[in-house]
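Per-entry structural report
Chain by chain, the residues run as shown.
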Amino acid sequence: VQLVESGGGLVQAGGSLRLSCAVSGTTFVINPMGWYRQAPGKQRELVATIAGGSASTKYADSVKGRFAISRDNAKNTMYLQMNNLKPEDTAMYYCKTSTREGPFSIWYDYWGQGTQVTVSS
């Protein structure tokens, strides 16, 4: 399973970015997926998740109303549209997928390499 993020960069406060996460090597359509971020000196935190199948979504309180997670099953790609960015959104952003594997259907997590988002004030 491979995940490749793209779309990060430097943006001024109030600006927008769209992150992409291209997934290969797994049955994308049924896998739950999510975006996480980690700022320097801080723990990695959940930003948003999207379920397989129903594609129901959940967001961290800090990004509700500003970020939107989506998936295009035909392209095996997940997106994070980030609007009204704030300096506190500065972090490395990672995508994650989870798959059930093996005879006991154990969950495994796979991560991308991350894409840097920097928001200047």
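What comes next is a walk through the structure. All values derive from a computational prediction rather than experimental measurement.

The subject of this paragraph is a nonpolar patch on the surface. Together, Phe104, Ile106 and Tyr108 give the surface a local cluster of nonpolar side chains, amounting to about 360 Å² of exposed area. On the secondary structure map, Tyr108 appears in strand E10 (residues 106–111).

Looking at the element boundaries, Thr77 is found in strand E8 (residues 77–82). The exposure class assigned to Thr77 is buried, which follows from its relative accessible area of 10%. Polar side-chain contacts of Thr77 include one of 2.8 Å to the backbone oxygen of Lys75. Not counting residues within four places of it along the chain, the set of residues in contact with Thr77 comprises Ser20, Cys21, Ala22, Phe28, Arg71 and Asp72.

Let's shift gears to the pattern of salt bridges. Pairing between side chains of opposite charge can happen when their charged atoms approach one another. One pass over the structure, following the stated rule, counts 5 salt bridges. A salt bridge links Arg66 to Asp89; its shortest N-O distance comes to 2.7 Å. With a gap of 23 residues between them, Arg66 in the loop between strand E6 (57–59) and strand E7 (67–72) and Asp89 in the loop between E8 and strand E9 (91–101) connect regions that are remote in the sequence. Each of the two residues, Arg66 as well as Asp89, counts as buried. One salt-bridge network, in which partners are shared between bridges, spans Arg37, Glu45, Arg66 and Asp89.

Where strand E4 (residues 33–38) lies against strand E5 (residues 45–50), 5 bridges are found, and the strand directions are antiparallel. Each residue of the ladder has a partner; that of Met33, found in E5, is Ile50. Where E4 folds back onto E5 in an antiparallel hairpin, the turn is made up of 6 residues, including Gly41, whose phi is positive at roughly 80°. Here 3 bridges tie E5 to E6, and the two strands are oriented antiparallel to one another. Among the inter-strand pairings, Ile50 is bridged to a residue of E6, identified as Thr57. The antiparallel pairing of E5 with E6 creates a hairpin that spans 6 residues between the two strands, and Gly53 there sits at a positive phi of about 70°.

All right, on to the side chain of Arg37 then. Take Arg37: it is sitting in strand E4. One polar contact links Arg37 to Ser62, side chain to side chain, over a distance of 3.4 Å. One polar contact links Arg37 to Asp89, side chain to side chain, over a distance of 2.9 Å. Look past the residues within four positions of Arg37 in its chain and what remains in contact with it is Gln43, Arg44, Glu45, Val47, Ser62, Val63, Phe67, Glu88, Asp89, Ala91, Met92 and Tyr93.

The rules we used
Just so you know, the residues in each chain are numbered from 1, in the order the chain's sequence is written. Residue-level local features of this predicted model are given only where pLDDT is at least 70; pairs of side-chain atoms are given and counted only at 80 or more, and the full residue set underlies all totals for whole chains, interfaces and linings. Based on all heavy atoms of the structure, the side-chain values leave hydrogens and waters out of the count. Patches here are clusters of residues that have more than 30% relative accessible area and form no salt bridge, with a 9 Å joining cutoff for like charges and a 5 Å cutoff for nonpolar side chains (Val, Leu, Ile, Met, Phe, Trp, Tyr). Each accessible area is a Shrake-Rupley result for a 1.4 Å probe, and residues are judged covered by the shown protein chains and nothing else. One speaks of a salt bridge when a side-chain nitrogen belonging to Lys or Arg is within 4 Å of a carboxyl oxygen belonging to Asp or Glu. For helices the rule is a DSSP run of H or I covering at least 4 residues; for strands it is a run of E covering at least 2, with both sets numbered from the N terminus onward. Burial classes: relative accessible area under 20% of the type maximum marks a residue as buried, over 50% as exposed, and values in between as partly exposed (1.4 Å probe, protein chains only). Each polar contact in these results corresponds to two N or O atoms within 3.5 Å; when the atoms are within protein, one needs to be able to donate a hydrogen and the other to accept it, and residues that are neighboring in sequence are counted only if both atoms are side-chain atoms. In this description, contact between two residues means that some pair of their heavy atoms is separated by no more than 4.5 Å. Two strands pair if DSSP finds at least two bridges between them.

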